[in-house]
Every structure is written in C-alpha cells, then in structure tokens.
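Each chain, written out:
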Amino acid sequence: MVEDNLSPDSISRDLETRFVGQRVLYYPSLPSTMEVARREAQQEAAEGTVIIAGEQTLGRGRLKRVWLSPKGNISLSIILHPSLSYLPSLIMLASLAVAHSIEAVTGLKSQVKWPNDILINGRKVCGILIENDVQGNTVNCSIIGIGVNVNLRLADFPEIQPIATSLSDELGREVSRLSVIRCLLVEVERLYLTLSAGGSIYQEWRDNLVTLGKRVRVKTGETIYEGVAESVARDGSLLLRGLDGSLTKIVVGDVTPRD
Ligand code: BTN
C-alpha cells in the first residue's frame, strides 16, 4: 500500500509554485469539489486555491453526467482568475498538465481525446470539467475540475470497465496520489504562466490529440455529425470534414470513433 497522505500540508509543503496549491482544502468526503470551489471563489478565495476530496458522492462530469469518484482516485478543483482570452486554452492547459504529470510519476504515456478525456491505451483515465463564471467581459473565476482514476480496480466497477482504466490497473501496482497531485499543480501553474506570458500551448495540445485524422461520429445536443476529425481551431473547437466535403466547427460535443 502506497503511503498517501493528502493533508494540505503534505501537498503544499515545499511545492514549487507561486500560487497554485499554496492554499489547499481537503475533505475526506464531499458531494463534489466543484460546489465547494464555487463557494470559495464567491468568498474571494486566493487564486490557485485547490479543493480536494478523498471521495465524492455526487461527482459530476460534462453534460450533466455522473462521475464516479471512489476512494483511491484523485478528485480536485482549482480556482483560477484568467483573463477572458485565456478561457479557450484552459482545457488545453488542464489536459497537458494531467498528461505530463501522469508520465512524470508513472512513465505511462497518455493521449488526449477531444475535448477533455485523457486516455491510456484507448481507455479513459481522467476527465476534466471546466466551469467559468463570466459577467460581460469579466471572468469572476474559472474552476478546473480534474478526476483521475489512480488506485481504482476496474474489476470492481463493471459498469465502466470496458471504457475506463486506472493508473494502478495499467501498472499492476498502486500509485502515490500525493506525487501525482503535487506534479499536477506544478504543471498547471507552469502552463498558466506560459499563457500569461503570451506563449501558446495549442500546438502541443493538438499534437497530443488522438482524435485527429480519425473517422468519427460527433453528438452535439440532439445533432449527430459524421466525418473525419480534420483539425482543431485555436479556440479549442473541433473541425469536422463531413462525408459531403463540408467543414463543421464543433464547440461542444462527444466524439465516438467509427473505424
Ligand atoms: C468528464 O469526463 O465528464 C469530466 C469529469 C470531471 C470530474 C471531476 S472530479 C473533480 C471535480 N468534481 C466533480 O464533481 N467533477 C470534477
């Protein structure tokens, strides 16, 4: 059993960041870290505040889906105050930060499935949910929610077993959540500062997308598109080449491979 103390002190101590993870709130069990993060943000929490739950009882995913968050996984939300122009880059930032930290801690290579899934060997290991509170041109806050299947035995969760994986199932041993979280927070800040300094992370995100060049079906609301995922725009949307040659820009949707 890996030593895995997620106390605020063990996460923040000597963490090489200026603000991300310098304030951590840990709860053994929560309905959802997104709710606590929203409340904290409304009460002027410092930028970079992180809310971590040992488990979530009402974890939520994109498109109002349920997100399974049992003990042994990582469930956290990070509060940021980006400018409006960075909002489309936050999903790129979060995806790359997760992929980098998984590789740094475990050596496992992961890929990004548009728009927000991190896959290992074709199965989902992490989901990202970003909620922005915007009024006019002002971003009150952005909350990046990240759920990583770390020490999850998929055999115990047959309902997601065909599509999901965990770091421990991939490696055949448990993984330190503390190491993954600390690395993740450093990476989030590094990429955020890159953006703030006018740098771009679009190219690297694009290069990590497993979706591009594939024949896919995309469901967006009640509409279903079929075609080839040709590219992604700098605002993060997917450019789909339809079977009739038309090009559709998809901002929100779910992608299923067709091959
Ligand atoms: C998805 O793949 O649909 C996104 C899943 C996001 C899950 C994380 S876990 C931490 C945070 N709290 C939540 O309730 N959801 C996000």
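Described in the following lines is the structure provided in the data block.

The rules we used
Residues numbered from 1 in each chain as written. Predicted model: local features only at pLDDT ≥ 70, side-chain atom pairs only at ≥ 80, totals over all residues. Heavy atoms only, no water. Pairing = 2+ DSSP bridges. Helix = DSSP H or I, 4+ residues; strand = E, 2+ residues; numbered from the N terminus. Axes fitted to C-alpha atoms, helices over the stretch in contact; angles between N-to-C directions. Contact = heavy atoms within 4.5 Å. Buried < 20%, exposed > 50% of the residue type's maximum accessible area, 1.4 Å probe, protein only. Arc of directions from axis to C-beta. Polar contact = N/O pair within 3.5 Å; in protein donor to acceptor, adjacent residues only side chain to side chain. Patch = residues over 30% accessible without salt bridge, like charges linked within 9 Å, V, L, I, M, F, W, Y side chains within 5 Å. Areas by Shrake-Rupley, 256 points an atom, 1.4 Å probe, with all protein chains shown as cover. Salt bridge = Lys/Arg side-chain N within 4 Å of Asp/Glu carboxyl O. Right-handed = clockwise from strand over helix to strand, strands pointing away. 1 Å grid on protein atoms, 1.4 Å probe; cavity = no way out; pocket = protein on both sides within 12 Å on 5 of 7 lines; lining within 4 Å. Points joined across faces, edges and corners; volume = space filled by probe spheres on them. Nonpolar A, V, L, I, M, F, W, Y, C, P; charged D, E, K, R; others polar.

### So, the sheet that holds strand 10 (residues 238-242)
Strand order in this open sheet of 5 strands is 11-10-9-8-12, and the pairing throughout is antiparallel. Two strands close off the open sheet at either side, each with one partner strand: strand 11 (247-250) and strand 12 (254-257). Strand after strand, the sheet turns through a mean of 45° between neighbouring axes, direction not considered. As defined by bridge partners, strand 9 (residues 223-232) adjoins strand 10 across 5 bridges and the pair is classed as antiparallel. Bridged to serine 231 within strand 10 is leucine 239.

### Notes on the side chain of arginine 62
With respect to the element layout, arginine 62 can be found in the loop between strand 2 (50-56) and strand 3 (74-80). Residues in contact with arginine 62, not counting those within four places in the same chain, are Pro115, Asn116, Ile128, Leu129, Val252, Gly253 and Asp254.

### Re helix 2 (residues 33-42)
Taken together, the buried positions of helix 2 are occupied by Thr33, Met34, Val36, Ala37, Glu40 and Ala41. Viewed along the axis of helix 2, the buried residues span an arc of 165°, placing them on a single side of the element. Structurally, the start of helix 2 carries an N-cap: the backbone nitrogen of methionine 34 is 3.1 Å from a side-chain oxygen of serine 32.

### A few points about unusual backbone geometry
Residues tryptophan 114 and proline 115 are joined by a peptide bond in cis, for which omega reads 0°. Note on placement: proline 115 falls in the loop between strand 4 (111-113) and strand 5 (117-120). If you check the backbone angles, aspartate 14 has positive phi at about 55° while not being a glycine. Structurally, the position occupied by aspartate 14 is in the loop between helix 1 (8-12) and strand 1 (24-30). Since its relative accessible area comes to 66%, aspartate 14 is described here as exposed.

### Here we look at a nonpolar patch on the surface
Together, Leu63, Val251 and Val252 make up a nonpolar patch on the protein surface, roughly 280 Å² of accessible area in all. When you line up the elements, leucine 63 lands in the loop between strand 2 and strand 3.

### Focus on the pairing of strand 1
Here strand 1 pairs with strand 2 via 6 bridges, running parallel. Bridging across to strand 2, valine 24 finds its partner in valine 50. Note on the crossover from strand 1 through helix 2 to strand 2: the handedness is right-handed.

### Digging into the layout of surface pockets
Counted as a void, the largest pocket has a volume near 980 Å³. Considering the residues around the largest pocket, the lining is formed by 46 residues, among which Trp67, Lys113, Asp117, Lys124 and Ile163 are closest to the centre. Broken down by secondary-structure element, the contributors of at least two residues to the lining of the largest pocket are helix 2, strand 3, strand 4, strand 5, strand 6 (123-135), strand 7 (138-148) and strand 12. Among the elements that make up the lining of the largest pocket, the one with the highest residue count is strand 6 (5 residues). Residues belonging to the lining of the largest pocket are distributed by class as follows: 21 nonpolar, 16 polar and 9 charged. In this structure, the second largest pocket spans a volume of roughly 570 Å³. Lining the second largest pocket are 21 residues; nearest its centre among them are Arg62, Ile91, Ile130, Val251 and Val252. Here the lining of the second largest pocket takes 5 residues from strand 6, the largest share from any one element.

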